[in-house]
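# Overview (structure and organization)
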Amino acid sequence: MTIFNLFRKQRSAPTARERLQVLLAHERSSSGSDLVSLLREEILAVIAKHVQVDSDKVQVKMDRDENVTILEIDVEIPLDAVSQAA
Amino acid sequence: MGKVIVVTSGKGGVGKTTSTAALGAALAQRNERVVVVDFDVGLRNLDLVMGAERRVVYDLINVIQGEAKLSQALIRDKRLETLFLLPASQTRDKDNLTPEGVERVITELKRVFDWVICDSPAGIESGATLAMRHADMAVVVTNPEVSSVRDSDRIIGLLDSKTMKAERGERMEKHLLLTRYDANRAERGDMLKVEDVLEILSIPLIGIIPESMDVLRASNIGAPVTLADARSAPAMAYFDAARRLAGEVLPITIPGEKRGIFGKIFARRAA
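Residues numbered from 1 in each chain as written. Chains lettered and ligands numbered in written order. Predicted model: local features only at pLDDT ≥ 70, side-chain atom pairs only at ≥ 80, totals over all residues. Heavy atoms only, no water.

This next bit is on the UniProt feature "domain: CobQ/CobB/MinD/ParA nucleotide binding" (unreviewed entry) in chain B. Sites flagged by UniProt as "domain: CobQ/CobB/MinD/ParA nucleotide binding" (unreviewed entry) map to residues 5-224 of chain B. Here residues 5-224 of chain B is 40% helix and 19% strand, with 17 Å between the C-alpha atoms at its ends. (UniProt positions renumbered as here; feature names shortened; annotations may be inferred. Helix = DSSP H or I, 4+ residues; strand = E, 2+ residues; numbered from the N terminus.)

What follows is about the nonpolar core. All names here are of chain B. Core analysis: the biggest nonpolar cluster contains 53 residues, and Val35, Phe39, Leu86, Leu97, Leu109 and Val116 have the highest contact counts within it. With five residues, the single largest contributor to this core is helix H7 (residues 146-159). Apart from the residues within four sequence positions on either side, Val116 is in contact with Lys3, Val4, Ile5, Val35, Val37, Ile106, Leu109 and Lys110. Judged by nonpolar contacts, the second largest core, of 36 residues, contains Ala21, Leu85, Val139 and Ile209. (Core = buried A, V, L, I, M, F, W, Y, C linked by side-chain atoms within 4.5 Å. Buried < 20%, exposed > 50% of the residue type's maximum accessible area, 1.4 Å probe, protein only. Contact = heavy atoms within 4.5 Å.)

With respect to the helices and strands, the residue Ser148 of chain B is situated in helix H7. If near-sequence neighbours (up to four positions away) are discounted, Ser148 of chain B is found in contact with Lys11, Val14, Val141, Thr142 and Asn143 of chain B.

On to helix H6 (residues 126-133) of chain B, then. Residues and elements named next belong to chain B. Burial analysis of H6 places six of its eight residues in the buried class, which makes it a mostly covered element. Residues of H6 that are buried include every one of Gly127, Ala128, Thr129, Leu130, Ala131 and Met132, and no others. Residues of H6 that are buried sit in contact with strand E1 (3-8), helix H5 (99-112), strand E5 (115-119) and H7.

This part is about the interface of chain B and chain A. Counting from both sides, the interface comprises 20 residues of chain B and, opposite them, 16 residues of chain A. Roughly 1600 Å² is buried in total at the junction of chain B and chain A, and carbon and sulfur atoms are behind 48% of that figure. At the surface where chain B touches chain A, the tally comes to four salt bridges. Counting the contacts that link chain B with chain A gives nine residue pairs in polar contact (both at pLDDT 80 or more). Elements that contribute at least two residues to the side of chain B that touches chain A include exactly H7, helix H9 (183-188) and helix H10 (194-201) of chain B. Looking at the side of chain B that touches chain A element by element, the count peaks at six residues for H7 of chain B. A per-class count over the side of chain B that touches chain A returns eight nonpolar, three polar and nine charged. (Buried area = accessible area lost by both parts, 1.4 Å probe. Salt bridge = Lys/Arg side-chain N within 4 Å of Asp/Glu carboxyl O. Polar contact = N/O pair within 3.5 Å; in protein donor to acceptor, adjacent residues only side chain to side chain. Nonpolar A, V, L, I, M, F, W, Y, C, P; charged D, E, K, R; others polar.)

Laid out in structure tokens, this is it:
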């Protein structure tokens, strides 16, 4: 019986783990949403002073570690914008 | 000055009250002065799990509202001299639990006891945030199950933002207590493993309590599991967790693992 079960049933724990990791990555970045969106706007404003960037090319994320909270800022700047600024 | 611990989880039914009673008794069994405080106004249960339900006269709300002195509301455990209970009110509205009142009571308790253990209500409403407000340390009770892990993550966020410690810019010490763990199911891949939960929540582990009949048996007779059957697997896991809370460094063991052939036969019979 157990041998048949082994073939029939998929292990569910890895699925649980994966679903949680995806969900919590999203929830953590939106739970501090006030701060994150404020930072995003101000960072965007600073960059816009010097180079032109699309607002959706600026990503601000917050993630938590055992000891620190990491603020991840990802800005995609188009090539021609850099040459113009220089 | 005593240490204030909040036992919290977000989700209900994961073992906050059981763990509060067991850890409180385990610390008192080491001759430390302990008070367990029920913050679940309207749905109190710590009195029942501790076997003191018929001895409640005054409660936390009475003390906060000035209708009783703290010493009148405290109930001394019949088995352990150094263990006390401060029950929650069953009939009053939870709005009577004021931030100022809670602060006053906690400050007073800290002066008298080595440990003040606050049993938080489920949820993230005022009762839960007030229970964690003055904590020095948090025990986050989690089951190896998706909804419990998610809610614990939410609670960890609150511990890092809504507590006095967080507001002072200090770091809240948080510990994971994994309850209702079944090593065999985790091994078969049907339950999140200890390391999965640890990786997701990334807070240090203070203990793993195995799923066990002994927990229900203890609550049936109204005794913390560490008193009901001190040699049972969950009791031993709680004793270890209490020692870690007190600062001892112990290797973490996963209860129920490396079971021999006899253990397997008995496990099947027990299940």
